[in-house]
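Per-entry structural report
In case you want the letters, here they are:
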Amino acid sequence: MNYSYSSIFTSDEVAGLHQQVKSLQKKVSLTGVPVGAEGAVLAALASSGADTLFIARDDVMLDQVRKAIGFFSPDITCLSVPAWDCLPYDRVSPRPELVGERLASLVALLDHKRSGGRIVLTTVSGIIQRLIPRKKLSSTIQQVRIGDRIDTLTLGEELLASGFRRVGSVREIGEFAIRGDIFDIFPAGTQHPCRLDFFGDELEGIRIFDPMSQQTVKGVVPSEITLSAVTEVVLDDATISHFRSRYRVIFGVSGDDDPLYTAVSSGQRVPGVEHWLSMFHENMESLFDYLPGAVVVLDHQCGEAAEARFDLISEYYEARQKIPMLDASDGTPYRPVPPDDMYFNGVTWQAALDSLQTWQLSPYSSPRQVEGTIDLKGKVGEGFVDARVDPNANVFDSVRERLERYAADGRPVLMTGYSEGSADRLKTLLGEHGVENIVTLTSWAEFKSLPLGTIGLTVLPIESGAEFPQVAIITEQDILGERLARPARQRLKAENFLTETTSLNEGDLVVHMDHGIARFDGLI
């Protein structure tokens, strides 16, 4: 069987997918795609050269698909635009890290030099929510290169308008600090902040540093960085003026009796201001506008998730209207933006999908040939429930017997674990029951190169296995049953505490090794 480079499907099947992409048929049903195989489908579609937008039902599915794409086709550009991690019409803002990820992906989509063949992942909640217009976001982008002459005071003012916060020491995305000729900044979409070294107004060097230790990361010396907005609410003269006008028209109020109106009018940010985003722009856009002509792939549960989201938005909007002082112990009124200004509704959502080429995934195979339907003949794996509940059976012996059956059929087998530790334990336990030919790997290309009869083992967060005519996937959950999800704790290491004097500001309290608590007045 001739395998495609970037999928679990044959070359003929991938060629059929590419042909459908080029046909521009509006509706395509892709059946026989069990849960866990979505990443392979997206990699195959993107290999046609077309941009592919995948809409997952929730954040868990988005994360699983993102990791699967990294396994099946690590060379394909994959961007994520997750939804805000707060409820509609909330009083809190989304996390800066999440907003930074969203904006970094949107900025990347504005780079027309790298168009085509990208995979963009979002959720139903993320696609339904409208976005900052491309023109406004593009106006916040600037390249900073070594050798440029930059007025740091002007740069600081521009960053404040783009949502950055000036702090003493840079720790999080969206912060910057100015200490003489040193300008620290943490741009959106980066893993580490940057330290800009100036001589006068000339940028002499750019260094990457650890936000916890404030020490330079050796070996990484960029020659330029890209700066853009770190919030979707850009506060400049034009947006503030538009907000004031729209607020007066819609709510009929202005002045000191409304703290939100007063704060925005003076250029100040308040928690949760993002929920009035549509007030700052003439016309909002959507992710469809950022990806014109893209193939849209829908998770098989997108319809149900969209209906639930529409109901939630409507429910929270009505609650805010009926009880305008809801959870406002300080007496601050909450005047909600009309839902259609911020979100798609059922009618506009369907109209948007009807205008695009959409691929609807289904885990079930099509019983007969139907026009516009491609059956990839995949199905959910059998699992080992019977062996787990049978006191006279051993589940690992059952796994060995299944593997022997696949080997006799000439079908390669890929096994997955949730983590490196669980994958290693799985390999050890299977080895104790006679399964010796297991090879640990990190990509589909490595799996393809294995000799027939050798079992591949990798780390992928797939819940249930899948069977295709040319390959079988068995997961850790298939063998051991459902797992308990325990969120990992973030631990601080001793070496991550402040160790550089450049991270200290005059007046900071410190603990001296010999003299105890002290105040930092400077370095001589």
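Whatever comes next refers back to the structure up there.
Looking only at helices and strands, the protein has 18 helices and 22 strands in total. Seen along its three principal axes, the alpha-carbon backbone of the protein occupies a region of about 75 × 65 × 50 Å. Considering only residue pairs separated by 6 or more positions, the protein has 71% of its internal contacts joining residues 24 or more positions apart. Side chains of the protein give 50 positive and 73 negative charges; the mean places of these two sets differ by 1 Å.

Ordered by their spatial adjacency, seven strands build an open sheet running β3-β4-β2-β12-β13-β1-β14, and the pairing between neighbours is parallel. Lying at the two open borders of the sheet, with one neighbouring strand each, are β3 (78-81) and β14 (373-375). Between one strand axis and the next, the sheet turns by 20° as a mean value, whatever way the strands run. This element, helix α2 (residues 38-46), spans β1 (27-31), β2 (52-56), β4 (119-123), β12 (295-298) and β13 (358-361) of the sheet and lies at about 160° to β2. Across the face of the sheet, helix α4 (residues 96-109) comes into contact with β3 and β4 while running at roughly 130° to β3.

Bringing the nonpolar core into the picture now. Among soluble globular proteins, nonpolar side chains are generally buried collectively. One finds Ile 55, Ile 128, Leu 287, Phe 288 and Trp 349 to be the most contacted residues of the largest nonpolar core, which totals 60 residues. It is α4 that contributes the most residues to this core, six residues altogether. Those residues in contact with Phe 288, other than ones at most four positions away along the chain, are Leu 53, Ile 55, Ile 127, Val 296, Phe 344, Trp 349, Ala 352, Leu 353 and Leu 356. Membership of the second largest hydrophobic core comes to 46 residues, among which are Leu 30, Ala 37, Ile 462 and Ala 466.

A few words now on the packing of aromatic side chains. For the structure on display, the rule yields 14 aromatic pairs. Aromatic pair Tyr 247 and Phe 251: ring centres 4.8 Å apart, planes at 65°, arrangement edge-to-face. One end of the pair, Tyr 247, and the other, Phe 251, are both in helix α8 (residues 237-251), four residues apart, so they sit about a helical turn from each other. The same class applies to Tyr 247 as to Phe 251, namely buried. Put simply, the rings of Phe 243, Tyr 247, Phe 251, Tyr 261 and Phe 280 pair up and form one aromatic cluster. Directly above the ring of Phe 209 sits Arg 195, whose terminal nitrogen or CZ lies 4.1 Å from the centroid. Directly above the aromatic system of Tyr 406 lies the positively charged group of Arg 405, at a separation of 5.6 Å from the ring centroid.

Moving on, we come to the packing of α2 against helix α3 (residues 59-72). At a minimum axis separation of 8 Å, α2 and α3 run at an interaxial angle of 55°. When the axes of α2 and α3 are compared, the pair comes out oblique. For the element pair α2 and α3, the recorded crossing hand is right-handed. Along its contact with α2, which presents Glu 38, Gly 39, Ala 40 and Leu 42, the element α3 presents Met 61, Val 65, Ala 68, Ile 69 and Phe 72. Of the residues in the contact of α2 with α3, the class split is seven nonpolar, one polar and one charged.

By the definition in use, this model includes 27 salt bridges. Note that Arg 102 and Glu 232 form a salt bridge whose closest N and O atoms lie 2.9 Å from each other. With a gap of 130 residues between them, Arg 102 in helix α4 and Glu 232 in the loop between β11 (224-227) and α8 connect regions that are remote in the sequence. Here Arg 102 falls in the buried class, since its relative accessible area comes to 0%.

The rules behind these values
Residue positions are counted from 1 within each chain, in the order its sequence is given. With the structure being a predicted model, the display of local features is reserved for residues of pLDDT at least 70 and the display and counting of side-chain atom pairs for 80 or more, all residues being used for whole-chain, interface and lining totals. The basis for the side-chain values is all heavy atoms of the structure; hydrogens and waters are excluded. The helix and strand labels rest on DSSP assignments: H or I over at least four residues marks a helix, E over at least two residues marks a strand, and numbering proceeds from the N terminus. Whether two residues are in contact is decided by their heavy atoms: any pair within 4.5 Å suffices. Residues scored as charged are limited to Lys and Arg (positive) and Asp and Glu (negative), so that His and the chain ends carry no count. Where a charge lies is defined by one atom per residue type, namely NZ (Lys), CZ (Arg), CG (Asp) and CD (Glu). Paired strands are those between which DSSP finds at least two bridges. Only the stretch in contact is used when a helix axis is fitted, and all axes are lines through C-alpha atoms; the angle between N-to-C directions ranges over 0 to 180 degrees. Nonpolar cores were defined as sets of buried Ala, Val, Leu, Ile, Met, Phe, Trp, Tyr and Cys residues, with membership established by side-chain atoms within 4.5 Å. Classification of residues uses two cut-offs on accessible area relative to the type maximum, computed with a 1.4 Å probe and protein chains only: under 20% is buried, over 50% is exposed, and between them is partly exposed. Side-chain rings of Phe, Tyr and Trp, where Trp is taken by its six-membered ring, are said to pair if the distance between their centres is within 6.5 Å; with planes under 30 degrees apart they count as stacked, over 60 as edge-to-face, and otherwise as tilted. Geometrically, a lysine NZ or arginine CZ counts as sitting over a ring once it is within 6 Å of the ring centre and also within 35 degrees of the ring normal. In these notes the angle categories are as follows: under 35 degrees is roughly parallel, over 145 is roughly antiparallel, 65 to 115 is roughly perpendicular, and the rest is oblique. Should the near helix be turned anticlockwise from the far one by less than a right angle, the crossing is left-handed, and should it be turned clockwise, the crossing is right-handed. Side-chain classes follow a simple rule in which Ala, Val, Leu, Ile, Met, Phe, Trp, Tyr, Cys and Pro form the nonpolar group, Asp, Glu, Lys and Arg form the charged group, and the remainder, Gly included, forms the polar group. Salt bridge, as applied in this entry: a Lys or Arg side-chain nitrogen positioned within 4 Å of an Asp or Glu carboxyl oxygen.

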